[in-house]
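Geometric and topological summary
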Amino acid sequence: NAEPFVKDAFHETIVNGRSGRVNPDRVGTKAAAHYRSMVAPGESMVVRVRFAPEAMDDPFGDFDVIIARRIAETDEFYDELHAPHFSEDERRVQRQAFAGLLWNKQFYHYSVELWRRGDPAGPPPPADRAMGRNADWEHMYCLDVLSVPDKWEYPWFAAWDTAFHCIPLSRLDPEWAKRQLVLPLREWYMHPNGQLPAYEWDFSDVNPPVHAHAARLIARIDRERTGRLDVDFLEEVFQKLLMNFTWWVNRKDVAGRNAFQGGFLGMDNIGVFDRSRPEGLPDGGMLEQADGTAWMGLYCLDMLAIALELAESRPVYESMATKFFEHFIAIAHSINGFSGRIGMW
């Protein structure tokens, strides 16, 4: 490094006691406040911090007033969200859950093309990176603030986590939830073949198809609050999910039996074989799976319900409702058996 004041300086100083790791000139891209205090059982310690663009003569003169005002505003905000019959304990649980969702927003920047080609200002990457992880997702360019599973331990998106997060988020901020749900469907995320990127570790892996389910619930929650259905949101989601649904039908039902496989679809992902790569077995073997079948049944019902909602004002969607009804019946037949065929049971 060009200078000794680099990443992990605070850890080196506080944990390892190496005082020379922090810039004595008090300048840099990061700063930390270090407080030491003994707190006896039953006692508490309060640290007051205020960020300001310039020095203040009395930065804490109105501190208590401002904090009390913010707490009152927050209480008023959450009182509108809690169900009237909730107990005080239930209100605290829900509020803490909402806080966790709001906390786990993170700026996420990942360009597959830039990663493969390397930083122009640095040394070139190894040649094998060109065919490495996510190599077939070169169109993927993320430059967004995302709701992530856990921005400390799991600081990247996962397609089905996003869908589940957006349902409760829609009670806090319906527009944010809608934008988050639409984002993985946009052309710089969704693969040209219709697949949704699963998660950073392997975009080509498969997550359960729950986007349509989330869209239905978000639209319903939004309508409860506003009294109107956001038809434009539902139509935007529906159009893109048509491509994703077709990808599932063509790629994950290879034999055309309405029995869908995926790999890691919510069950354990530890096994003798890589379930996400069923064609890679020794001696040319093929792993046949049906773990995506029930998920696809749900997908059909959700797309059917969205089509019916849209058909209320746009009759062209009536035939799409019929299409997904037929798909659902075909999946039900594959599970239960039909016309003398043996079902999955």
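Right, let's walk through the structure included here. The residue count restarts for each chain, going from 1 along the sequence in the order it is written. pLDDT decides what is reported in this predicted model: residues at 70 or higher carry local features, side-chain atom pairs at 80 or more are listed and counted, and totals for whole chains, interfaces and linings draw on all residues regardless. In computing side-chain values, all of the structure's heavy atoms are included and hydrogens and water are not.

Below, the discussion takes up the pattern of salt bridges. By definition, a salt bridge exists where a carboxyl oxygen of Asp or Glu is found within 4 Å of a side-chain nitrogen of Lys or Arg. Under the defined criterion, the tally for this structure stands at 21 salt bridges. A salt bridge links Lys240 to Glu187; the shortest N-O distance between them is 3.8 Å. On the criterion of sequence distance, the pair formed by Lys240 in helix α8 (residues 231–251) and Glu187 in the loop between α6 (174–182) and α7 (211–226) is long-range, its members being 53 residues apart. For Glu187, a relative accessible area of 48% corresponds to the partly exposed category. Here Asp302 and Arg216 are joined by a salt bridge, their closest N and O atoms 2.8 Å apart. Secondary structure elements follow DSSP: runs of H or I of four or more residues count as helices, runs of E of two or more count as strands, with numbering from the N terminus. Summary of the burial criterion: residues with accessible area below 20% of their type's maximum are buried, those above 50% are exposed, and those between are partly exposed, where the area comes from a 1.4 Å probe applied to protein chains only.

The next point concerns the environment of Glu88. Tracing the backbone shows Glu88 in helix α3 (residues 88–103). The exposed category is assigned to Glu88, whose relative accessible area is 52%. Sequence separation between Glu88 and Tyr299 is 211 residues; the distance between their C-alpha atoms is 37 Å.

Secondary-structure assignment places Glu200 in the loop between α6 and α7. Here Glu200 is buried and forms no salt bridge, its nearest opposite-charge partner Arg133 lying at an N-O distance of 4.4 Å. The contact criterion used is simple: two residues touch if any of their non-hydrogen atoms lie within 4.5 Å. Residues contacting Glu200, with those up to four places away along its chain left out, are Tyr108, Tyr110, Arg133, Asn134, Trp156 and Phe157. Residues scored as charged are limited to Lys and Arg (positive) and Asp and Glu (negative), so that His and the chain ends carry no count.

Axes here refer to lines fitted to C-alpha atoms; in helices the fit is confined to the stretch in contact. Angles between the N-to-C directions go from 0 to 180 degrees. Axis separation between helix α2 (residues 63–81) and α3 bottoms out at 11 Å; the angle between their running directions is 105 degrees. As the angle between them shows, α2 and α3 are arranged roughly perpendicular. Contacts from Thr74, Asp75, Tyr78, Asp79 and Leu81 of α2 reach α3 at Arg91, Gln94, Arg95, Phe98, Ala99 and Leu102. Amino acids are sorted into nonpolar (Ala, Val, Leu, Ile, Met, Phe, Trp, Tyr, Cys and Pro), charged (Asp, Glu, Lys and Arg) and polar (every other residue, Gly among them). Tallied by class, residues from the contact of α2 with α3 come to 5 nonpolar, 2 polar and 4 charged. What sets the label is the angle itself: under 35 degrees gives roughly parallel, over 145 gives roughly antiparallel, 65 to 115 gives roughly perpendicular, and the rest give oblique.

Patch rule: a residue counts if its relative accessible area is over 30% and it has no salt bridge; like charges are joined within 9 Å, and nonpolar side chains (Val, Leu, Ile, Met, Phe, Trp, Tyr) within 5 Å. In this description, accessible areas are obtained by the Shrake-Rupley approach with a 1.4 Å probe, and a residue is regarded as covered only by the protein chains that are shown. Taken together, Tyr35, Val39, Met45, Val47, Val49 and Phe51 make up a surface patch of nonpolar side chains, about 620 Å² in accessible area. Relative to the elements of secondary structure, Val47 occurs in the loop between α1 (9–14) and α2. The exposure class of Val47 is partly exposed, given its relative accessible area of 37%.

Using protein atoms alone on a 1 Å grid, points that fit a 1.4 Å probe yet trap it form a cavity, whereas open point sets bounded by protein on both sides within 12 Å along at least five of seven lines form a pocket; residues with an atom within 4 Å of a point count as lining. Grid points are joined across faces, edges and corners, and a volume is the space filled by probe spheres set on the points. The full count for this structure, using the stated rule, is 2 cavities of 30 Å³ or more. Taken as a whole, the largest cavity encloses approximately 130 Å³ of empty space. Taken together, 16 residues form the lining of the largest cavity, with Leu196, Asn207, Pro208, Asn244 and Trp248 sitting closest to its centre. With 4 residues, α8 is the largest single contributor of residues to the lining of the largest cavity. Here the residues of the lining of the largest cavity sort into 11 nonpolar, 4 polar and 1 charged. When its volume is computed, the second largest cavity comes out at roughly 50 Å³. Lining of the second largest cavity is provided by Leu146, Ser147, Phe157, Thr162, Gln180, Leu183, Pro184 and Tyr189.

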